[in-house]
Amino acid sequence: MPIHSSDFGKEFTWGVASSAYQTEGAYLEDGKGLSVWDVFTRQAGKIKGGDNGNQGVHFYHRYIQDIILMQFLNVKNFRFSLSWPRLLPEGIGKPNEKGIDFYNAVIDFCLECGIEPWVTLYHWDLPQALEEKGGWTNRDVVHWFEDYVAFCIQQFGDRVRHWMVLNEPMAFTGAGYFLGLHAPGKKGLGNFLPAVHHASLSLAAGARTIKTLNHNLIVGSTFSCSPVDPVDRAVLSQEAAQRVDVLSNRLFIEPLLGLGYPWQDVKVLQGLERYMKAGDENLLKANLDFIGLQNYTREVVRHSTIMPYINARLVKAGKRNVPKTEMDWEIYPQGIYRVLKRFASYKGVDKIIITENGAAFNDVPVNGSVDDPQRIRFYEEYLAQVLKAKREGVNVQGYFAWSFTDNFEWAEGYSKRFGLVYVDYPTQRRIIKASGFWFQQFLQSRAQYLRAG
Ligand code: BGC
């Protein structure tokens, strides 16, 4: 049975999501400082095709057209991030007036178009000036971050009600400070463990800062989450899956909820203790108004002695004969249901928003249009599972599609397209994909329902 947005109820929030580095471009314009991604992408061999976000999808210059397009698609909520180095070029100290003007203009124009801005404070683009002082491995980052958060709330908190503190801390610490696949390209436990601890402290400190400045603001943070299954029933596989689960799903949420780090289950995490100071257990805790879950797929895991510390390795979708996206991620709609049920069962998680969900496919324009039936099917199937969880009592109150337009997909460069709107990169022309028109219709049913009272 086809689902309708009205099935989710009147209060449900629908939106689209993006981030600063992936879309803005204008990386050296109007006084912006460099971010770790501006520098990392200069290194040969790091990004597919040698791509970088220098131009992004020109959101810095095209935000008016893009927000109008959003309005045309019946989108009423837009999740985007602020670029820390655009606002504070050195990370701390003197602000960049032009950066403030830009976000004021974006926020004001959204509101003028009837679109509610949902703002992420940190979506991975740390100011390079701070990385040179150790970045997330330096405990001072907690204070730098608090000051940056306070600055943003003072500037924009009068109009932006919904805030997200960090985007997917596991992704930027794991890929950026352990595997070296994302900026700043650091590797090893000696970088990863302090980065984890300081990101966790910053998450809680950021949330407290917002509430202290204005307790009416609605504060959340986003977490990547995927069910993790063993490749077979062998005990070794099951244990490997449990270890990956700790890292993928538990490492950041549990200390925030006051449960402490899950280090009894993955020995190597005991090294976190080295970075803890007296009183940190309490500083790691914070009450969020909502938890943002971002789900794309599930992970299937096998035991492996080759992988140090974790002794586990992912079995990619391509090796399992399952439906998959261009990212080689399994299309697994039940996954979003499973993570919703699971996170809802944590004491302290009262309200959940799906802050990202979507898929990359090989979109090709034909005669000026882009037909992407797989993406439509993906959204329908995942949304049906969100609805199922909601009907079973999970307090999920919103859903943001990733992404509004195609954009810079980190280490994959521009080769992977997640948008509801296609971007022709040489001309920057936008083409609404069939999935974009589908979303427009899907949201229309809600508009009719609201009008009907
Ligand atoms: C991130 C996005 C990214 C998407 C698809 C999420 O991990 O927040 O920035 O583009 O997944 O990989």
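If you're wondering where the values come from, they're calculated on a predicted model, not measured in any experiment.

## Topic: the environment of N395
Relative to the helices and strands, N395 resides in the loop between helix 14 (373–391) and strand 11 (396–402). For N395, a relative accessible area of 33% gives the class partly exposed. Remark: the alpha-carbon pair of N395 and L340, spanning 55 residues in sequence, is separated by 8.9 Å. With residues near it in sequence (within four places) discarded, N395 still touches D350, K351 and I352.

## Thoughts on the UniProt feature "binding site: substrate" (unreviewed entry) in the chain
Per the UniProt annotation, the sites labelled "binding site: substrate" (unreviewed entry) are Q22, H123, N167, Y296, W402, E409 and W410. As for its placement among the helices and strands, W402 is situated in strand 11. Relative to the assigned elements, W410 resides in the loop between strand 11 and strand 12 (421–424). Residue contacts for W410: discarding those within four places in its chain leaves S19, Y21, Q22, W37, I47, H123, W124 and H182.

## Looking at the UniProt feature "active site" (unreviewed entry) in the chain
When the UniProt feature table is mapped to this numbering, "active site" (unreviewed entry) covers E168 and E356. The largest pairwise C-alpha distance within this set of annotated residues, which runs over 189 residues, is 10.5 Å, so the set is compact in three dimensions. Relative to the helices and strands, E168 is located in the loop between strand 4 (162–167) and helix 8 (169–177). Assignment of secondary structure puts E356 in strand 10 (residues 352–356). Those residues in contact with E356 that sit more than four places away from it in its chain are A17, R79, H123, N167, E168, L293, Q294, N295, Y296, F400 and W402. Within the structure, the side chain of E356 is placed 3.0 Å from the side chain of R79, a separation counted as a polar contact.

## Concerning the packing of helix 5 (residues 97–112) against helix 7 (residues 141–156)
Closest axis-to-axis distance for the helix 5/helix 7 pair is 11 Å, and the angle between their directions is 50°. In terms of their interaxial angle, helix 5 and helix 7 are classed as oblique. Where helix 5 crosses over helix 7, the handedness of that crossing is right-handed. For the pair helix 5 and helix 7, contact is made by I100, Y103, N104 and I107 and by F151, Q155 and F156, respectively. Among the residues forming the contact of helix 5 with helix 7, the class breakdown is 5 nonpolar, 2 polar and no charged.

Thresholds, definitions, all that
Residues numbered from 1 in each chain as written. Predicted model: local features only at pLDDT ≥ 70, side-chain atom pairs only at ≥ 80, totals over all residues. Heavy atoms only, no water. Helix = DSSP H or I, 4+ residues; strand = E, 2+ residues; numbered from the N terminus. Buried < 20%, exposed > 50% of the residue type's maximum accessible area, 1.4 Å probe, protein only. Contact = heavy atoms within 4.5 Å. UniProt positions renumbered as here; feature names shortened; annotations may be inferred. Polar contact = N/O pair within 3.5 Å; in protein donor to acceptor, adjacent residues only side chain to side chain. Axes fitted to C-alpha atoms, helices over the stretch in contact; angles between N-to-C directions. Parallel < 35°, antiparallel > 145°, perpendicular 65-115°, else oblique. Left-handed = near helix turned anticlockwise from the far one by under 90°. Nonpolar A, V, L, I, M, F, W, Y, C, P; charged D, E, K, R; others polar.

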